[in-house]
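Chain by chain, the residues:
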Amino acid sequence: MSLRNQINIRVLSIVLIVLIAGGAIAIWKAKSSVEDEVSSSFQLVKSMLDFQLKRENILISPESEASWLTHLASLKETRHVKIVIYDNDAPEMTATAAHIEEEESTPPHWFVYAVSRDFPVLEHRIHFPKNSRKSILIATDPNDEINEAWSEFLTLFWSIIAILTVLFMTINTLFNSMLNAVIDILNRLKAISSGEYGSPLAKHHIQEFDLISQEINELTRALEQSKQTNKKLTNHSLNIQENERKSMAHELHDEMGQSLTAIKAISVATKQRQSGATVACETIISICDHLSNIVRSRMLTLHPLCLAELGLKDTLKNLVQEWEQTHLCTQVELKFDGEPDQIDHQAAIHIYRITQECLTNIAKHANASHVSIHLTLTDANEVSLLIKDNGSGILQDDKSKGFGLLGIKERAESQGGKLNIISNLGAGMLIDVFLPLSGVKS
């Protein structure tokens, strides 16, 4: 069931409950009002009739009969009460009381039944002179009061209907506005899930939905930026692969190919001349050493096999020593807290690559004279790699532009770690990397 139907059903249920409760209260109040009004009028007429019966001595003279009947006639104007006088010798007049009880009323029968009760009927038998006997029948007539109660009930009922109708329309209008906002948000989320980061959500007049729209727009911008960054990183990685392949092809052709050709030429010349063997051997040894250095350098570039043989500590020391040999103007300080060789192989590779990338960036851009590398194993089962230089530094806005820093960030976040960069122009750079350890070597 849709949200709209659920809300409509709940609102209608509340409306019905309010109508039933309001109707029940209105009928209860109407019944009390009818009962109070009719009983009050009946008691008034009864008291006045008793007073007249005590004051007038109807048995003294025939003139008193007419006077008393005149006073009695004035009581017929009392609301909610009917007074009937009839001769006992004329029984056909007794139908007057029944006629009073069966008189039709404007309200529906269920309302009359709900607000009515059994009201008392008073009958007095009076003996006048000349053997005249009359009966006075006093009966309640609640029709006027019931009509008034019915009118008040209808006014209250339609007032409640009008209020609830306005309330229902207001709720539906507000809900339609909210539902339209929800539909816009859902459509935007569907577009985001399909990779469309174009048009942002419009501003909503409902504050909560406007906040949601702003957060989704921020998310969209972040995803778009991440998409562009990933695209750049992908292109950069492809370019690096092509450059590596091109460099390897040149080295194979220029270095190893020429060296092998030289070895072959020297061997052929030595065999033909049978002379100069010592010089030829020294040349071959020199060429082989050169080839060995090239192969070793290329192997370290492709994968640091010495990690498995020497461990992370000695591998980092070798990396720093070789880097210092090619960058004589920069001093590198390497510190260890804890035992780095206990770090698992996967984390060790990432630490090595991050350190290698940082040294490469320092060599290309920093123009630093001092570099500090501090590797720490914390008690929280994570490793901290802190690399600091006193070079030229970068601006805050340039931290996410360099591919080297982006690569370090992606490498750290891919392992569930985080990267902190602190740098200002002319004040060097501090790179702090935290990596969680999945385990340590025994």
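Summarised in this report is the structure supplied together with it.

Cut-off values and rules
- Residues numbered from 1 in each chain as written.
- Predicted model: local features only at pLDDT ≥ 70, side-chain atom pairs only at ≥ 80, totals over all residues.
- Heavy atoms only, no water.
- Helix = DSSP H or I, 4+ residues; strand = E, 2+ residues; numbered from the N terminus.
- Buried < 20%, exposed > 50% of the residue type's maximum accessible area, 1.4 Å probe, protein only.
- Contact = heavy atoms within 4.5 Å.
- Areas by Shrake-Rupley, 256 points an atom, 1.4 Å probe, with all protein chains shown as cover.
- Pairing = 2+ DSSP bridges.
- Axes fitted to C-alpha atoms, helices over the stretch in contact; angles between N-to-C directions.

Scanning the chain from terminus to terminus reveals 11 helices and 8 strands. Per-residue burial over the chain gives 33% buried out of 442 residues. Here the analysis covers contacts within the chain between residues at least 6 apart in sequence; of these, 68% occur between residues at least 24 apart. Of the roughly 27,600 Å² of accessible surface on the chain, 57% is carried by carbon and sulfur atoms.

Once that is clear, we can look at unusual backbone geometry. Positive phi is not limited to glycine here, since N367 has a value of about 55°. Relative to the assigned elements, N367 resides in the loop between α10 (345–366) and β5 (370–377). Residue class for N367 comes out exposed when judged on its relative accessible area of 74%.

Right, let's talk about the environment of S151 for a bit. Examined against the element boundaries, S151 turns out to sit in helix α5 (residues 143–193). In sequence terms S151 and P107 are 44 residues apart; their C-alpha atoms lie 8.7 Å from each other.

Moving on, we get to the sheet that holds β5. Within the open sheet, the 5 strands sit side by side as β4-β5-β6-β8-β7. Their pairing is mixed. Among the strands making up the open sheet, the edge pair consists of β4 (331–337) and β7 (418–423). The average angle at which neighbouring strand axes cross in this sheet is 10°, direction not considered. Relative to strand β8 (residues 429–436), β7 runs antiparallel, the two being bridged by 6 bridges. Paired with I422 across the bridge in β8 is L430.

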